[in-house]
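# Understanding the architecture of this molecule
The residues making up each chain are set out below.
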Amino acid sequence: MHISLDSALGRQRRLNSVGESVLQIAPNAAAAYSLRSLTGGDPTVVRVRRKSDNAEQDFTASGVTSGALTSFVNEDVTIYQSDFSAGVNGFAQTSTTTLTGNQDGVSDSAGTSKDNVLKVVKAGDAQGYIQRDQGVVAGLTYTVSGSFFAPSANTSVDGIMIKDGLAGSSLSNYPSGYLVSDGTWKDFSFSYTAASDGNQRVQLGVSSLGSNPNGSSTGSSGDIVYIADLKFVETISNGFVETWYDQSGNSNDAVQETAGSQPKIVSSGSLLNELLFEGSQLFDTISLDASAQPNSIFTVSNTKVASQTRGIYGTNISQAGYYRSSNKHAIFSTGTGSATLEGAAYVADRDYLRFDLFNGASSVLGVDGATTSGTTGADGLNRLDIGDSTLGGVSPLNGGIKELILYASDQSANRAALETNINSHYSIF
Amino acid sequence: MLYLIYASKEAAIERADEEGKEIGFDYWIEDNGQGTRWLTYPDETIDHMWALDVTNYDLDDSEKSSTVDHYTPLPDPDED
């Protein structure tokens with residue numbers, strides 16, 4: 001058995017050896033989570049659901065850094081492919097349009113004929129449009145393609161414009177620009193980043209109106225546009241964490257089976273390098289073997305909001321580490337000596353490396369290498385809640401967590417070495 | 001937000017399961033008990049009913065007529 005010199009001399013370990021991982025420096029963690037390897041190998045670290053089609057995939061630490069995770073999330077996925085073979089496929093008509101699906105043999109003057117076409121008839125002279133929610137999400141990017149045909153027999157209508165979910169008739173709300181048909185079928189394709197969720201409108205257009213082709217046009221009632229093969233492909237998406245795998249070997253994986261409560265890891269196509277909790281995301285409670293104090297939790301986290309009490313984690317029914325509304329880091333535990341221990345001040349949008357030691361009257365709240373000692377309650381740990389706590393009055397985190405390592409023991413002796421390892425990776429202080 | 005109120009947690013989860021299957025979440029596709037299962041999960045109300053956020057659910061007409069736009073959640077335990 002190897003015993004380090006520091007250990008043999010009973011001294012606090014000062015530095016980690018080059019290349020040593022977190023769990024080599026301090027093994028026997030009860031749970032350990034990160035997007036990097038804490039083991040020294042290449043463990044599976046995260047299971048990700050992409051927003052576009054809800055597909056999921058596991059990724060190792062190297063899969064995160066290599067870009068494989070980001071590529072998976074941003075894989076092109078068709079979120080809507082029109083099917084007008086049996087009807088209008090969910091498109092809603094307005095008071096100024098009438099819709100009919102399943103139009104076959106729709107031919108133009110050039111002899112091109114299409115089946116399974118949507119027929120849109122303008123039912124008045126006012127603006128005419130149809131609309132449907134394709135599942136577009138603000139901030140994500142889409143390629144929209146399709147075909148349309150405005151017969152030359154029309155009085156006024158000769159084109160279409162496809163609108164973002166934004167309100168208002170400004171031409172800037174139509175990322176398609178003005179698409180004109182010369183009496184023949186026209187294919188189109190364009191890409192845009194959505195500014196709004198909601199319905200995407202297909203507006204009938206009139207070139208003769210000049211700079212206002214989406215306006216009203218006297219005599220346009222009865223004009224027709226045919227639409228076929230309309231497709232929305234999501235090309236830049238969001239990714240969410242379904243499982244944050246425990247690297248400790250204890251299989252205490254953090255799982256969230258509810259899509260609406262999963263923290264984000266890829267936002268508008270970009271890897272966040274953290275799990276982003278936005279005030280209503282958290283993992284399911286992880287049951288742990290009960291363990292009396294002392295216990296230690298290392299975290300790298302941030303909050304996006306100052307002056308609010310926001311939980312990073314909970315380890316008992318009323319035991320937590322959190323950002324307090326006093327703008328101080330804090331820990332709290334019930335039991336004998338029940339008390340809050342406040343540490344250093346925090347500001348929003350900045351990472352902090354915390355060493356939280358729950359140890360009754362000898363508790364520690366260490367932030368970025370500094371130490372505040374004091375008292376918390378004496379309850380031990382028996383659960384782990386990540387992104388929240390069970391402590392009343394503490395809201396779910398509105399911020400990011402990069403790493404969380406939990407020990408059912410006092411890790412003061414390894415603190416300096418672990419903090420050196422963690423800080424060298426994240427460059428926090 | 002739109003909510004459906006259920007008398008039991010089991011009934012609310014049954015509806016959440018139905019929506020999860022409809023969406024095609026991984027839990028239902030892979031049939032291995034792993035992966036995302038629900039779009040939303042019910043919360044307990046102050047009168048011990050269960051509120052399911054169905055804002056983005058595909059509701060039938062009967063459900064649409066039964067939605068409420070708010071509920072009072074079960075309060076948290078004591079504050080620190």
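Each value, and the rule that gives it
- Residues numbered from 1 in each chain as written.
- Chains lettered and ligands numbered in written order.
- Predicted model: local features only at pLDDT ≥ 70, side-chain atom pairs only at ≥ 80, totals over all residues.
- Helix = DSSP H or I, 4+ residues; strand = E, 2+ residues; numbered from the N terminus.
- Rg over C-alpha atoms; globule rule 2.2 N^0.38 Å.
- Buried ≥ 20, exposed ≤ 12 C-beta atoms within 10 Å, placed from the backbone.
- Contact = placed C-beta atoms within 7 Å.
- Expected span 1.5 Å × (residues − 1).
- Bend = angle between axes of the 7 residues up to and from the residue.
- Nonpolar A, V, L, I, M, F, W, Y, C, P; charged D, E, K, R; others polar.
- Core = buried A, V, L, I, M, F, W, Y, C linked by C-beta atoms within 7 Å.
- Domains from an automatic or database assignment.
- Pairing = 2+ DSSP bridges.
- Axes fitted to C-alpha atoms, helices over the stretch in contact; angles between N-to-C directions.

The next point concerns the overall build of chain A. A count of helical and extended segments in chain A gives five helices and 31 strands. Whereas a compact globule of 429 residues would reach a radius of gyration of roughly 22 Å, chain A reaches 29 Å, over 25% beyond that. Relative to its 429 residues, chain A shows a buried fraction of 47%. Long-range pairs, those at least 24 residues apart, make up 71% of the contacts in chain A with a sequence separation of at least 6.

All names here are of chain A. Taking 1.5 Å per residue, 15 residues should reach 21 Å; helix α5 (residues 412–426) reaches 21 Å between its end C-alpha atoms and fits that length. At Leu 418, α5 shows its largest kink, close to 25 degrees. Along α5, the positions that sit buried rather than exposed are Asn 414, Arg 415, Ala 417, Leu 418, Glu 419, Asn 421 and Ile 422. Buried residues in α5 make contact with α2 (22–25), β22 (295–303), β27 (352–358), β28 (363–367) and β31 (398–407). Ser 427 occupies a position one or two residues after α5 and carries a positive phi of about 50 degrees.

So, on to the interface of chain B and chain A. Where interface size is quoted, it is often the accessible area lost as the parts come together. Across the contact, 17 residues belong to chain B and 14 residues belong to chain A. A per-class count over the side of chain B that touches chain A returns seven nonpolar, four polar and six charged.

Turning next to the nonpolar core. All names here are of chain A. Within the largest apolar cluster, 84 residues are counted, with the highest numbers of intra-cluster contacts made by Val 46 and Leu 406. Beyond its immediate sequence surroundings of up to four residues, Leu 406 is in contact with Ala 29, Ala 30, Ala 31, Ile 297 and Leu 384. Core analysis: the next-biggest nonpolar cluster, separate from the first, contains 32 residues, Val 106, Leu 118, Phe 149 and Leu 230 among them.

It is worth spelling out the domain arrangement of chain A at this point. All names here are of chain A. Examined at the domain level, chain A breaks down into domain 1 (5–74 + 238–426) and domain 2 (78–236). Each of domain 1 and domain 2 has a C-alpha centre, and these two points are 49 Å apart. The residue inventory of the side of domain 1 that touches domain 2, partitioned by class, reads no nonpolar, five polar and one charged.

Residues and elements named next belong to chain A. Cis geometry marks the peptide bond from Gln 293 to Pro 294; its omega dihedral reads 5 degrees. Residues other than glycine seldom take positive phi values, yet Asn 116 does so here, at roughly 55 degrees. With respect to the helices and strands, the residue Asn 116 is situated in the loop between β8 (113–114) and β9 (117–122). Among the residues examined, Asn 116 registers 17 C-beta atoms within 10 Å and is labelled partly exposed. Look at Asp 229: it is not a glycine, yet its phi comes out positive at around 55 degrees. As for its placement among the helices and strands, Asp 229 is situated in strand β16 (residues 224–236). You can call Asp 229 partly exposed: it has 16 C-beta atoms within 10 Å.

Okay, the sheet that holds strand β23 (residues 310–316) of chain A next. Note on sheets: strands pair through backbone hydrogen bonds, and any given pair is parallel or antiparallel. Residues and elements named next belong to chain A. Taken together, six strands build an open sheet; the order of strands is β21-β30-β23-β24-β25-β26 and the sheet is antiparallel. In this open sheet, the two edge strands, each paired with only one partner strand, are β21 (286–291) and β26 (339–345). Strand-to-strand, the axes of this sheet are offset by a mean angle of 20 degrees, without reference to chain direction. By the bridge criterion, two bridges tie β23 to strand β30 (residues 381–386) in an arrangement that is antiparallel. Bridged to Gly 314 within β30 is Asp 385.

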